[in-house]
Amino acid sequence: MRFLRKTKKSRLGVSAALLAVALAAAACGSSGGGGTSGSASPHAGGSLTVLEDSGYEGAWPVGLDPATNTNGAADQSYMDSIFGQLFELGSHGKIIPDMATGYSFSNGGKTVTISLRPGMKFTDGTPLNAAAVVWNIQRDLKSPCTCKPTWPVASVTAQGTSAVVINLKAVFAPIIASFIDSTANWIASPAAVKKMGEKQFALTPVGAGPFEVVSDTLNSVLVLKKNPHYWQKGHPLLDQLTFKSVGGDEAAYEAMLAGEGQVYENMSTPALLKQAAQHFTVVNQLSTSPYDLQLNTATAPFNNIKAREAIYYATDIQPIVSHIFDNLYPLTQGFTAPGGICYQATVPGYRTFDLAKAKALVKQLGGLTVNLGTINVLVAKETTQALQTEWAKAGIKTTIASYDLGPLIAQFTGKKWQAMVQTAGAYDPAAGVGVGFRFSSLSPFSGVHDPKLDSLLNQAAGTLNMSQRCSLYNQAASYINQQAYGPFYFAFAPANVAAKGVTGPGLTSPLSSVVVTPNIPWEDVSYSPGG
Amino acid sequence: MAAEAGPAPAGPPAQGVPGDHSPGTAQWGSAGRAVLTSPALRVTGKRLLSAVPVLWGVTFLTFVVMNVLPGDTAQELLGANATPAELQTLRLKLHLNEPFWVRYWHWLSGAAQGHLGDSLVSGQPVTSILGQRLPVTFELMIYTFCLSVLIAVPVAAAAAYRPGGLVDRLSMMLSMAGLSIAPYVLALLLVLIFAVNLRVLPAIGFVPLSQSVVGNIKSLTLPALSIGLPLACFYIRLLRADIVEQMQSEDYVVTARAKGVAPWQVLIRHALRNSMFGFLTVLGLNLGTLIGALVIIEPIFSLPGIGQVLLQSISDRDVVVVEAVVLVFALIVVLANLLTDLLYAVLDPRIRYGRPSA
Amino acid sequence: MAAPLPDTLLAPGVAVPAPAGAAARRRRRALAPDILIPAAILALIAGGCFLWPLVYPVPAPVGGSILSAGLPPFSPGHILGTDPVGNDILSRILYGGRVSIEVGLAVTLIGLVIGGVMGSVAAYSGGIVDTVLMRVLDVLIAFPALVLAVAIAEGLGPSELHVIWALSFFSVPAFARIARAGTLRLHGQTFMLAARLSGTKAWRILLRHVTPNVLPQLITFGLLGMGVIIILEGALSFLGLGIPDPAPSWGNMIALGQGTLSAQPVLVLIPSLFLLATVLSLNLLGDALRKRWGVR
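Residues numbered from 1 in each chain as written. Chains lettered and ligands numbered in written order. Predicted model: local features only at pLDDT ≥ 70, side-chain atom pairs only at ≥ 80, totals over all residues.

Visitor: For the overall build of chain A, give the residues involved together with the corresponding values.
Guide: A count of helical and extended segments in chain A gives 16 helices and 20 strands. What you see for chain A is a C-alpha radius of gyration of 25 Å, in line with the 24 Å of a compact globule of 531 residues. Projecting the C-alpha coordinates of chain A onto the three principal axes gives extents of approximately 75 × 75 × 40 Å. Relative to its full complement of 531 residues, chain A shows a buried share of 54%. (Helix = DSSP H or I, 4+ residues; strand = E, 2+ residues; numbered from the N terminus. Rg over C-alpha atoms; globule rule 2.2 N^0.38 Å. Buried ≥ 20, exposed ≤ 12 C-beta atoms within 10 Å, placed from the backbone.)

Pasting the structure below:
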């Protein structure tokens, strides 16, 4: 064993020396050719490696065809890079036309006309025109994915080469906003799909976005290179963009320390965020989805408003946010959040922590036993454990469980669940995993079946005037609170971590989250090592 | 993981039990030195034939297990708010609504003709998935293998040089400790030391050989150590015991010593060399052990190998991919056992391991 | 996992025969240190896990207060500190150890009884029974057992009982092989022949002649195998398929700690240390007993 140790030691010494030399060389190189750091124009060229959590973004099991992909927003970074975006989401829910140039409503809001940037071409040389967009949207509408557009569509037609007309059966205010979290935002080359067939296209997709595919190992590594014919002159800034799937926050942090990646999307582990901030740029994104507690009002015990109220009163969210989450996230009382539209920080009459009232209610009920569940994510699990402890003080007996996505769905479809820690809300409350997803009678993932709430939410979705819409959402939030349908906790948002020298929206400045993470416009990201 | 491959070879090489068809059986050590003699060929043929029902059993068991699991690929793919109609559409497309026997027969008849099918999830041909992933896994296996042997042989020789001496005691103690450490714990410790604190080796990722040789070796070093170190500890104990036994009892050792050959020369030239034959067979048998460890170690280091695919495919209920991977694993175990048998017969006709201990 | 098994498992024949004099002397000493020390450590760990919480008040392993989250080791009232939600780590180690030990014992016993009977009966009866059994074992051995374990754990849902179930698929064929080989070795022995010729019933022969001869081998194998099983339980927990949290097991404590390894390494190191101590003691004890009983 002795000489085993010796050999190990000497090998170590050699590699350490090599590393030192390499570092010195890198330092010389940057100081010699540099001088650009700090200047206004971002560095062009270079190659960037982005790490993604294999449990969420780092999974693209079915490939990257917008119409057959089933991971939706989880794969948005790859999709955005390959296909570009018709509309981008800026900060605070602002919608920015990108490959589209604008939109207009007519026919009382039932007709939406979208104008396209003229002269765009897919990387296979075929034109990205209105016909291509219509072909894509019609294909998307038939997709099996829950991330497909969910508009009340009557027809989709091309008007000339650069305008697309969508006729709706009813006014749907969030239609443009819902481009961003659905597959409709990504336009694939119809010629390439027809030429390769769906299966092959999903592996080597062709779009008109800022990057094109070099190689693609599903769920593992995606290598992209600059699309020289991208519509925006001088963009993308990077020559090469590589996405790598890693096993989670810790693995990603280790990899970044070792220089194996320069960006990590969606870090949520508080202990690591603190640590990462010492070495990297950590930017907390703007939250759009608060953590909430869903209560199943269809079965006992939460078919009784007193049990629901007891839960409101027994929960003290501040210590949870400060001890588990380092006070990173603002408390919320409704389904809106700082990164989205119609944000309302407080809801009048919200029941805050009051142990005496909680105890009294539990006593009136003759005791309260709750099954509390959540998704199998560290922060969510820790939240349920903390809640269990707090509720115990009010005499509530809680058993907790965490589920992977499949079993979690089974819990909902089985309809026997009682309480779930979830997120509810979106940058537009009517888009994606918005308020309806958790509170409308029609959603299988809702614990509330209340026609009055349904009509409020429908009314809001059908209102084009923004201030009228927001006031309807405020009413909905008050109504949810009045009925004690479910407490809201804090406006959680993940953080993006970037090495020094990386700049770009979402990496050095915050953006609004789409479903979980914001859409980073990768064409605007630059990287100058040592800069 | 060890359990499945470990005990397999356990009894047989040692006992040489008559009628035992497990690998390494000593009885046909008498097959002779030349591998090409007809008995050896016949035995090879027989063993290959007997592997067929085993492989069939493995595929059937896999299909049954995957079928019993709740949920299916459609549910896993469509996730959260899929409607029953959407699920039904996808199930029809993937033939998931057909009865168990029909699906198994469809798969089996395809596999028998060499068509392993397309992944239910990605639609990729399974062969191309294997082609992408297997090289990584194989490289890791080979690296681990070399590493464990390179550590074990010199340490065992040094320990056996003076049985009961300081080196021997120390190496026996450390190897027992190394043997008792869980590979996943070792992996985390190595990451903590070499990647997080010293930052000399990468914690994750894989650099292909074609891209950079040094990078490739560096990217596989920690994973290979995580599996290889405990394995090496096991080999150290095994090899040391055998060398010691030889040094104490074999006639040629006594003769060599009487002739005045230096003890370390006897050890290396005779005892170690002779022990290597038996050692080789154990190495072969241990391939199966290695495979199991890969499944856990690969994801820790984000290696794009077959282990990751296997875990993902199980949770996606992608029976086609799981079948292919399990088949490859089983094939490796079966072939390794066969090869070991042959090596054993060819290299060491005196059946050292079967001899009752002195 | 990689679990290179202790050498007896792989090639019992290579066991080092201790020099005759030393062995005899050791046999005479009832409490040789090579047996006493690992046995004492095991007793200490098992006693700590099962008895200490009954005698000495330990905070509950779950439901700790978030106000005392993330305390470092040697904090007042929490000698090993607390985890990120405020649970006492010592208490989690003790209760988690129960799971590891229970799973290890149960799986080993199931393997010993079912596998032992299967192997002995097959070897004793020979013929078609033996052939069929060996084929089934061949399949189980060629089948990556972790796949089976993962599938069972995922299919039945994570729980201690299901983990025992899943891991028994490893232990039964392993014990069966050992028992079979051990029984076959007795075939030519004169006492067996004598028993059979005198018309003793098969079950009697198995019980009175085969069992005492095969058992020492099975027991030493069981001790060494138990270490492997405890490591495997951890592996399943590591993959999220073992004991569901927040209930602790050493494996899921390591798995949870992995999530913040670089920030809070103690969360991984503490349970790893207990895991190592237990498995090491089992291996040492198995090894020592093997030498003492002269089991090959």
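Visitor: So what's going on with the overall build of chain B? Which residues, and what values?
Guide: The secondary structure content of chain B amounts to 15 helices and zero strands. Counting over 358 residues, chain B shows a buried share of 53%. Long-range pairs, those at least 24 residues apart, make up 72% of the contacts in chain B with a sequence separation of at least 6. (Contact = placed C-beta atoms within 7 Å.)

Visitor: Tell me about the sheet that holds strand β6 (residues 153-159) of chain A, and please be specific about residues and values.
Guide: Residue and element names in this part refer to chain A. Ordered in space as β4-β5-β7-β6, the four strands form an open sheet in which the pairing is antiparallel. Looking at strand neighbours, the two that pair on one side only are β4 (100-106) and β6, the edges of this open sheet. Going from strand to strand, the sheet's axes swing by 15 degrees on average, the running direction of each strand aside. When β6 meets strand β7 (residues 163-168), the two strands line up antiparallel, connected through six bridges. Within β7, the residue paired with Val156 across the bridge is Ile166. (Pairing = 2+ DSSP bridges. Axes fitted to C-alpha atoms, helices over the stretch in contact; angles between N-to-C directions.)

Visitor: Requested: an account of the sheet that holds strand β8 (residues 211-217) of chain A, with residues and values cited.
Guide: All names here are of chain A. The seven strands lie next to each other as β8-β9-β10-β1-β11-β18-β12, forming an open sheet whose pairing is mixed. If you trace the sheet from one side to the other, it starts and ends with β8 and β12 (281-284), each paired once. Averaged over all adjacent pairs, the angle separating strand axes in this sheet is 20 degrees, with direction ignored. Alignment of strand β1 (residues 47-53) against strand β10 (residues 240-246), held across seven bridges, turns out to be parallel. Note that in β10 the partner of Leu51 across the bridge is Lys244.

Visitor: Pulling in residues and values, what's your account of the confidence of the model for chain A?
Guide: Looking at chain A, the pLDDT average stands at 85 and 92% of residues meet or exceed 70. Counting interchain partners and residues more than four positions distant, the pLDDT-below-50 stretch residues 1-39 of chain A has 26 contacts. (pLDDT = per-residue confidence, 0-100.)

Visitor: Could you give an account of the environment of Ala112 of chain B, with specific residues and numbers?
Guide: All names here are of chain B. Within the secondary structure layout, Ala112 lies in helix α6 (residues 100-112). Judged by the 9 C-beta atoms lying within 10 Å of it, Ala112 is exposed. Spatially, the C-alpha atoms of Ala112 and Pro230 are 38 Å apart, while their sequence positions differ by 118 residues.

Visitor: Go over the pairing of β4 of chain A, please, and point to the residues and values.
Guide: Residues and elements named next belong to chain A. Sheet analysis places β4 next to strand β5 (residues 111-116), joined by six bridges and oriented antiparallel. Residue pairing across strands places Ser104 opposite Thr113, the latter belonging to β5. Linkage of β4 to β5, two consecutive antiparallel strands, is achieved through a turn of four residues, within which Asn107 is found at a positive phi near 55 degrees.

Visitor: Report on the packing of helix α5 (residues 89-125) of chain C against helix α8 (residues 160-186) of chain C, specifying residues and quantitative values.
Guide: Running from N to C, α5 of chain C and α8 of chain C point in directions that differ by 35 degrees, and their axes come no closer than 5 Å. The element α5 of chain C and its partner α8 of chain C pack so that their crossing is right-handed. (Left-handed = near helix turned anticlockwise from the far one by under 90°.)

Visitor: Tell me about helix α16 (residues 466-482) of chain A, and please be specific about residues and values.
Guide: All names here are of chain A. Here α16 contains 17 residues, and its C-alpha end-to-end distance of 24 Å stays within 8% of the 24 Å for a straight helix at 1.5 Å per residue. All buried positions along α16 are accounted for by Arg469, Leu472, Tyr473, Ala476, Ala477, Ile480 and Asn481. The elements touched by buried residues of α16 are α14 (435-439) and α15 (451-461). At the C-terminal side of α16, Ala484 shows a positive phi close to 55 degrees. (Expected span 1.5 Å × (residues − 1).)

Visitor: Give me the pairing of strand β14 (residues 368-375) of chain A: which residues, what numbers.
Guide: Residue and element names in this part refer to chain A. As judged from the eight bridges shared by β14 and strand β15 (residues 396-403), these two strands associate in the parallel manner. Along β15, the bridge assignment pairs Thr369 with Lys397. At this point the chain moves from β14, through helix α12 (residues 378-393), to the parallel β15, and the crossover so formed is right-handed. Relative to strand β16 (residues 419-423), β14 runs parallel, the two being bridged by three bridges. Opposite Thr374, over in β16, you have Val421 as the bridge partner. (Right-handed = clockwise from strand over helix to strand, strands pointing away.)

Visitor: Outline the nonpolar core, supporting the account with residue identities and numerical values.
Guide: Formed by 342 residues in total, the largest nonpolar core has its most connected members in Ala310 of chain A together with Leu167 of chain C. The greatest single-element share of this core, amounting to 18 residues, is contributed by helix α10 (residues 213-249) of chain B. Beyond its immediate sequence surroundings of up to four residues, Leu167 of chain C is in contact with Val103, Val107, Ala149, Ile229, Leu232 and Glu233 of chain C. (Core = buried A, V, L, I, M, F, W, Y, C linked by C-beta atoms within 7 Å.)

Visitor: Please set out unusual backbone geometry residue by residue, giving values where relevant.
Guide: Pro236 of chain A follows His235 of chain A through a cis peptide bond whose omega is -5 degrees. Omega for the bond connecting Ala300 of chain A with Pro301 of chain A falls within 30 degrees of zero, at 0 degrees, which places this linkage in the cis form. In this structure, Pro301 of chain A sits in the loop between β13 (289-295) and α9 (305-314). Phi at Asn266 of chain A takes a positive value of approximately 70 degrees, unusual for a residue other than glycine. Note on placement: Asn266 of chain A falls in strand β11 (residues 263-267). Residue Ser302 of chain B is not a glycine yet carries a positive backbone phi of 50 degrees.

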